[in-house]
Amino acid sequence: MKLGILSRNSKLYSTRRLVEAADQRGHEVRVVDPLRCYMNITAHSPQIHYKGDILDQFNAVIPRIGASITFYGTAVLRQFEMMNVYPLNESVGISRSRDKLRSLQLLSRRGIGLPVTGFAHSPDDIDDLLATVGGAPCVIKLLEGTQGLGVVLAETTQAAESVIQAFMGLKQHILVQEYIKEAKGSDIRCLVIGDKVVAAMKRQAKEGEFRSNLHRGGSATLSRITPEERATAVRAAKVMGLNVCGVDLLRSNHGAVVMEVNSSPGLEGIENASGKDVAGMIIDFIEKNGKPNRTKTKGRG
């Protein structure tokens, strides 16, 4: 197969591992910076150009689109979809998962466990918003934040009000969530491929920190998950419409709750913690499923 990896940096661990896994299986692979792609949007013959070439040779593409380029990256991916190139994850699924509010609404509608979450626009509603999530301590999140950035633990009502007012004053949209104290600064990252959790790790926040993201200094260890957690992760992936994703769970007193579904999960932490060839499993999935006209939306949105 001829595979394209949409990634801005060919030296990143995840991109390198996917290239290695594809090479080992005899595939031809090319890393393409989505921001250097430009599109000919014309009737009946959509095209993508890249550094003077027309990209019309790929059987499948693997999107590794960072949050900061979601808009342009998904536009490029939609163009590939309209050219009948198989996407590992579709543009619609990526867009859903990147919109924290939309993703929580979709998961909620399907009855998937979530932390109690509030969303409001007016500063006049802050008191009721805090009451909705059980008061302080609570977690305040920027809708556009990634890798733990823009996430604040407010330990008192006064602190929560001040942070919310500050974000609202900057015209930022925020979510307010209950603080799952019993999780003790840890979460479970489940790596889903197709309809299976192929690996799971426990991420533990460093001392004095509540965010368990590895980018924030958290540590990762192999984790055994329960059948309930496994089923929750697979269901969350299906709701988002993602073939490959990382589903982040918290272990609460009322069962597993989904914190986030990540459409471009990093492979370094999960491969090191589990000892599994996750990149190889991703390429194996593409070998089985990467056929023309397998895109559900065909770029329709």
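Placed above this text is the structure.
Nothing here was measured: the structure is a model prediction, and the numbers come from that model. (Residues numbered from 1 in each chain as written. Predicted model: local features only at pLDDT ≥ 70, side-chain atom pairs only at ≥ 80, totals over all residues. Heavy atoms only, no water.)

### Quick look at the state of the cysteines
Thought 1: Considering all chains together, one arrives at zero disulfides under this definition.
Thought 2: The thiol of cysteine 190 is not disulfide-bonded; the next cysteine sulfur, from cysteine 245, is found 9.5 Å away. (Disulfide = S-S within 2.5 Å.)

### Side note on the pattern of salt bridges
Thought 1: Enumeration according to the criterion identifies eleven salt bridges in this entry.
Thought 2: With its nearest N and O atoms 2.8 Å apart, the salt bridge here joins arginine 17 to glutamate 271. Taken together, the positions of arginine 17 in helix α1 (residues 13-24) and glutamate 271 in helix α8 (residues 268-274) put the pair 254 residues apart, joining distant regions of the chain.
Thought 3: Arginine 25 is the salt-bridge partner of aspartate 284, the closest N and O atoms lying 2.8 Å from each other. (Salt bridge = Lys/Arg side-chain N within 4 Å of Asp/Glu carboxyl O. Helix = DSSP H or I, 4+ residues; strand = E, 2+ residues; numbered from the N terminus.)

### A few points about the sheet that holds strand β12 (residues 186-193)
Thought 1: One open sheet holds the five strands; their spatial order is β14-β13-β12-β15-β16, and the pairing between them is antiparallel. The open sheet terminates on both sides in strands that have one partner only, identified here as β14 (219-222) and β16 (255-262). Adjacent strand axes in the sheet meet at a mean angle of 30°, parallel and antiparallel pairs treated alike.
Thought 2: Relative to strand β13 (residues 196-204), β12 runs antiparallel, the two being bridged by eight bridges. Looking at β13, one finds that serine 186 is bridged to glutamine 204. (Pairing = 2+ DSSP bridges. Axes fitted to C-alpha atoms, helices over the stretch in contact; angles between N-to-C directions.)

### Observations regarding helix α6 (residues 157-169)
Residues spaced three or four apart along an α-helix face the same direction, because each turn holds 3.6 residues.
Thought 1: Counted at 1.5 Å a residue, the expected span for α6 with its 13 residues is 18 Å, and the 18 Å between its end C-alpha atoms agrees.
Thought 2: Those residues of α6 lying buried are Ala160, Ile164, Phe167 and Met168. Along the axis of α6, the buried residues cluster in a sector spanning 100°; they form a single face. Residues of α6 that are exposed and angled more than 90 degrees away from the buried face: Gln158 and Gly169.
Thought 3: Here the buried face of α6 lies against α5 (126-132), β9 (138-142), β10 (151-154) and β11 (174-178).
Thought 4: Following α6 by one or two positions, lysine 171 adopts a phi angle in the positive range, close to 65°. (Expected span 1.5 Å × (residues − 1). Buried < 20%, exposed > 50% of the residue type's maximum accessible area, 1.4 Å probe, protein only. Arc of directions from axis to C-beta. Contact = heavy atoms within 4.5 Å.)

### As for the packing of helix α4 (residues 100-109) against helix α7 (residues 227-240)
Thought 1: Interhelical geometry of α4 versus α7 gives an angle of 120° and a closest axis separation of 10 Å. By crossing handedness, the relation of α4 to α7 is classed as right-handed. On α7, the residues touching Ser103, Leu106 and Leu107 of α4 are Ala236, Val239 and Met240.
Thought 2: Classifying every residue of the contact of α4 with α7 gives five nonpolar, one polar and no charged. (Left-handed = near helix turned anticlockwise from the far one by under 90°. Nonpolar A, V, L, I, M, F, W, Y, C, P; charged D, E, K, R; others polar.)

### Considerations on the nonpolar core
Thought 1: Among the nonpolar cores identified, the biggest contains 42 residues, and Leu55, Phe80, Leu107, Val247, Val258 and Val261 are the most heavily contacted of them.
Thought 2: Mapped by element, the contributors of at least two residues to this core are β4 (47-50), α2 (70-82), α4, β12, β13, α7, β15 (244-252) and β16.
Thought 3: Not counting the four nearest positions on each side in its chain, leucine 55 is found in contact with Arg30, Val32, Cys37, Ile48, Tyr50, Phe80 and Met83.
Thought 4: One finds Ile5, Ala60, Ile283 and Ile286 within the second-largest nonpolar core, a separate group that totals 25 residues. (Core = buried A, V, L, I, M, F, W, Y, C linked by side-chain atoms within 4.5 Å.)

### Description of a positive patch on the surface
Thought 1: A cluster of basic side chains, namely Arg96, Arg102, Arg109, Arg110 and Arg235, defines a positive patch on the protein surface.
Thought 2: With respect to the element layout, arginine 235 can be found in helix α7. (Patch = residues over 30% accessible without salt bridge, like charges linked within 9 Å, V, L, I, M, F, W, Y side chains within 5 Å. Areas by Shrake-Rupley, 256 points an atom, 1.4 Å probe, with all protein chains shown as cover. Lys, Arg positive; Asp, Glu negative; His and termini not counted. Charge placed at Lys NZ, Arg CZ, Asp CG, Glu CD.)

### Brief notes about unusual backbone geometry
Thought 1: Cis rather than trans, the peptide bond between alanine 136 and proline 137 has omega equal to -5°.
Thought 2: Relative to the helices and strands, proline 137 is located in the loop between α5 and β9.
Thought 3: Positive phi outside glycine occurs at asparagine 84, with the angle close to 65°.
Thought 4: Under the relative-accessibility criterion, asparagine 84 is labelled partly exposed at 34%.
Thought 5: Even without being glycine, lysine 184 reaches a positive phi, approximately 55°.
Thought 6: With respect to the helices and strands, lysine 184 occurs in the loop between β11 and β12.
Thought 7: With a relative accessible area of 68%, lysine 184 lands in the exposed category.

This is a description of form; function is not addressed.
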